[in-house]
Amino acid sequence: MRDQPRISVAGDFLSTRIMRHRYKDIRRHSRKDTGCESERDANIDDIPEGDAHVDEILEEIERLKEENRRLRKENEIFRKELEMKGFQIDSILEKNKILENRVRMNSTNSSKPPSTDGYRKPAPKSRRVKTGMKRGGQPGHAGHHMPVPEKSDELILHHPGRCEGCVRFKECSGTNFVCKESRFVVDIVMSKKVIEHRVLRAERCPLADGGDVPEGCFPEGVSAHVQYGDTVTAVTGLLSTHGAVSCSRVSGLMRDMFDITLSPGTVVSMVSRCARKVAPALETIKDEIEKSPVGHFDETGARTAGRLFWVHNSSTSEFTYQTISRKRGLEGMSDNGVLPKFKGTAIHDCLKTYWKFNVSHGICNAHILRELKGIEEMEPNHVWPRLFRLFLLSMKASREDAQGNGSDMLPIGQLREFDERFDRIMNLANRERPPPPADVKGKGKERALIERLSGLKAAVCLFIYDFEVPFDNNQAERDLRNVKTKVKVSGCFRSIKGGQDYLDVMSYLSTGRKHNVGAFPALMAAFDGNPQIVLQWS
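Source: prediction; values computed, not measured.

In terms of helices and strands, the protein chain carries 18 helices and five strands. Sorting the 538 residues of the protein chain into buried and exposed places 36% on the buried side. Contacts spanning at least 24 positions in sequence make up 61% of the contacts within the protein chain whose residues lie at least 6 apart. In the form shown here, the protein chain has an accessible surface area of approximately 36100 Å², with 53% of it arising from carbon and sulfur atoms.

Let us now look at the side chain of Asn313. Tracing the sequence through the fold places Asn313 in strand E2 (residues 307-315). Among the polar contacts listed, one links the side chain of Asn313 to the side chain of Ser315, at a separation of 3.0 Å. When near neighbours in sequence (up to four residues on either side) are disregarded, Asn313 contacts His296, Phe297, Asp298, Thr320, Tyr321, Gln322, Ala476, Asp479 and Leu480.

The next thing to look at is unusual backbone geometry. The phi angle at Ala244 is positive, at roughly 55°, despite the residue not being glycine. By secondary structure assignment, the location of Ala244 is in the loop between helix H6 (230-240) and helix H7 (247-258). Positive phi values are uncommon outside glycine, yet Ala305 reaches one of about 55°. Locating Ala305 in the fold gives a position in the loop between strand E1 (294-304) and E2. Given the relative accessible area of 42%, Ala305 is considered partly exposed.

This part is about the state of the cysteines. Tallying each qualifying case throughout the model produces zero disulfides. Free cysteine: Cys364, not disulfide-bonded; nearest cysteine sulfur from Cys350 at 8.5 Å. Note on Cys364: relative accessible area 1%, which makes it buried.

Looking now at helix H8 (residues 264-290). Its 27 residues give H8 an end-to-end C-alpha distance of 37 Å, which sits within 8% of 39 Å, the value for a rise of 1.5 Å per residue. The largest bend along H8 reaches roughly 50° and is located at Ala279, with the proline Pro280 sitting one to four residues downstream.

A few words on the sheet that holds strand E5 (residues 360-363). In spatial order, the strands read E3-E2-E1-E4-E5; together these five strands make up an open sheet with mixed pairing. Only two strands of the sheet have a single neighbouring strand rather than two, namely strand E3 (320-325) and E5. For this sheet, the mean angle separating the axes of adjacent strands, direction not counted, is 25°. Relative to E5, strand E4 (residues 345-348) runs parallel, the two being bridged by four bridges. If you follow His348 over to E5, its bridge partner there is Ile363. Against the sheet, helix H16 (residues 474-490) makes contact with E1, E2 and E3, and its axis sits at roughly 15° relative to E1, the strand it touches most.

A few words now on helix H11 (residues 384-404). Across its 21 residues, H11 extends 30 Å between first and last C-alpha, which sits within 8% of the 30 Å expected from 1.5 Å per residue. Along H11, the residues that are buried comprise Trp384, Pro385, Phe388, Arg389, Phe391, Leu392, Met395, Ser398, Arg399 and Ala402. Looking at the buried residues of H11, the elements they touch are helix H10 (365-378), helix H12 (412-432), helix H13 (444-455), helix H14 (457-460) and helix H15 (462-465). Just beyond H11, the residue with positive phi is Gly406, at close to 85°.

Our next topic: the packing of aromatic side chains. Scanning all chains against the criterion turns up eight aromatic pairs. Aromatic side chains Phe493 and Tyr502 sit 5.4 Å apart centroid to centroid with 40° between the ring planes, which places their arrangement in the tilted category. For the pair Phe493 and Tyr502, a shared accessibility class is recorded, and that class is buried. Aromatic ring contacts, followed pair by pair, group Phe388, Phe391, Phe418 and Phe422 into a single cluster. A cation sits over an aromatic face here: Arg326 above Phe309, 5.5 Å from the ring centre.

Here we come to the confidence of the model for the protein chain. Considering every residue of the protein chain, the mean pLDDT works out to 86; 87% of them sit at 70 or more. Element-level mean pLDDT values for the protein chain span from 51 in helix H1 (residues 8-34) up to 98 in E3. Note that pLDDT drops below 50 for residues 37-44; the model gives that stretch eight contacts with residues more than four away or on any other chain.

All right, on to the nonpolar core then. Ranked by size, the top nonpolar core spans 42 residues in total, and within it Phe297, Val311, Leu339, Val483, Tyr508, Leu509 and Leu523 carry the most contacts. Of all the secondary structure elements, the ones that give two or more residues to this core are H6, H8, E1, E2, E3, H16, helix H17 (496-514) and helix H18 (519-527). Per element, the largest residue contribution to this core is seven residues, and it comes from H8. Residues in contact with Leu339, not counting those within four places in the same chain, are Phe297, Met333, Ala346, Tyr354 and Phe357. Core analysis: the next-biggest nonpolar cluster, separate from the first, contains 34 residues, Leu369, Met395, Leu456 and Cys461 among them.

Time to look at the side chain of Glu290. Turning to its location among the elements, Glu290 is positioned in helix H8. Notably, Glu290 is buried but unbridged: the nearest opposite-charge side chain belongs to Lys286, and the N-O separation is 4.5 Å. Leave out the neighbours within four places in its chain, and Glu290 touches Gly337, Val338, Lys341, Phe342 and Lys343.

Looking now at a nonpolar patch on the surface. A cluster of nonpolar side chains, namely Ile188, Met190, Leu253 and Met257, defines an oily patch on the protein surface of about 350 Å² accessible area. Checked against the element boundaries, Met257 lands in helix H7. With relative accessibility at 33%, the residue Met257 sits in the partly exposed group.

Thresholds, definitions, all that
Residues numbered from 1 in each chain as written. Predicted model: local features only at pLDDT ≥ 70, side-chain atom pairs only at ≥ 80, totals over all residues. Heavy atoms only, no water. Helix = DSSP H or I, 4+ residues; strand = E, 2+ residues; numbered from the N terminus. Buried < 20%, exposed > 50% of the residue type's maximum accessible area, 1.4 Å probe, protein only. Contact = heavy atoms within 4.5 Å. Areas by Shrake-Rupley, 256 points an atom, 1.4 Å probe, with all protein chains shown as cover. Polar contact = N/O pair within 3.5 Å; in protein donor to acceptor, adjacent residues only side chain to side chain. Disulfide = S-S within 2.5 Å. Expected span 1.5 Å × (residues − 1). Bend = angle between axes of the 7 residues up to and from the residue. Pairing = 2+ DSSP bridges. Axes fitted to C-alpha atoms, helices over the stretch in contact; angles between N-to-C directions. Phe/Tyr/Trp six-rings, centres within 6.5 Å; stacked < 30°, edge-to-face > 60°. Lys NZ or Arg CZ within 6 Å of the ring centre and 35° of its normal. pLDDT = per-residue confidence, 0-100. Core = buried A, V, L, I, M, F, W, Y, C linked by side-chain atoms within 4.5 Å. Lys, Arg positive; Asp, Glu negative; His and termini not counted. Salt bridge = Lys/Arg side-chain N within 4 Å of Asp/Glu carboxyl O. Patch = residues over 30% accessible without salt bridge, like charges linked within 9 Å, V, L, I, M, F, W, Y side chains within 5 Å.

If you want it as structure tokens, here you go:
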């Protein structure tokens, strides 16, 4: 069998290392012979004619030139042999580059979620420009503090220490002491309250006819011999949903704080009861989002019932509506129910399914900035990613300046300038990363981003034409963040119903928070029959 061809790259590398070491050795001896103190001082004129070292250098150069010609010839032969066997060297190198870039991807330079970073999470790098101001509150900041309670629940008097042991203390304690200073301590009382309901029956009634004596009845909701009250259910539901605490830990907390024993199954049942109480408000929330001029849409995965399900989010700055579905695409978005009836501008990422709905589209440019950062790191010789990143930030700054001046649109000339600048950068991108040949499979992330930006120019730049359209889709991502926290703590949702109950409660509480209604008051209002409180500004 013929010997396998050697790797010419390794041979070339080895010969280069040998040449470097020999040349350094020769230069060192030359400096000693000529009396030069450093290599910089050494000059060919300082070496006497006919010096053996000069001849040795020239011979070494000729030998290395010959070896280089031989290695180049071998490399060409090996390349032809590999191509005859079906190996395309350029294609292999390109695939290797793609794999190396994939390894360098993380949540800061791609669309990968932070949970995939693991222990290799990169140090955060803010895109904010330094202003030179100190950290913390700036001059003119309103500030916040604990308000002084109007009325205290308990009063404790502190007399002078030497007076308390005085024989005439009782004589002075009536009118001799005045308040010098008051301080308040706000605390909570951890207690359990047991309410007994008794139904009474009259032993005899003068007005009863035929022995029909009157008797009372239990109020609605009091149906078992021993049961938990609405406050216990609300607190348990808040810990499991809003607090993202696992069911077993909720059981432990309720036992330790209130001496109330709950099984994990009871915790799940209480969350389900909370979901039933808030249900009347959810349909109204959904209708309000459908009528909004701008909506934020996103989806995220969540392990449910042993499989991958998708949580679909539809929200605005005032309302949140979330559902769970087995499908991520058209079916899941349609099951959510908002997009099919939505007529405003939908802000989302570049998932193709969104373009199947008849709405106006706006792109999340925060995603674009992350992808541009990744290409800058992986293709440092390409200029267009940095130019386009600065271009996006320039448009964002121009819009913010215009809004700060009370304007609702940019000047026509400035819009035309941005349009031309977009096209110039895309032309540069096409020169730096042209389309691959027709016979090459795959085009790479850089080329895919170039084609996406060129095709979605209107959606990318929509925020400078319509000031109601935001620069990014951070609203939807913030509304979905609680789902990732819950799944990270609990691992998964055990059932589809359990997952949807959680999302119903969180949709209700998120809407309440956006209307300045606290989580606990909002949930207690739902138990009191007034779930619509989250739709009203407080």
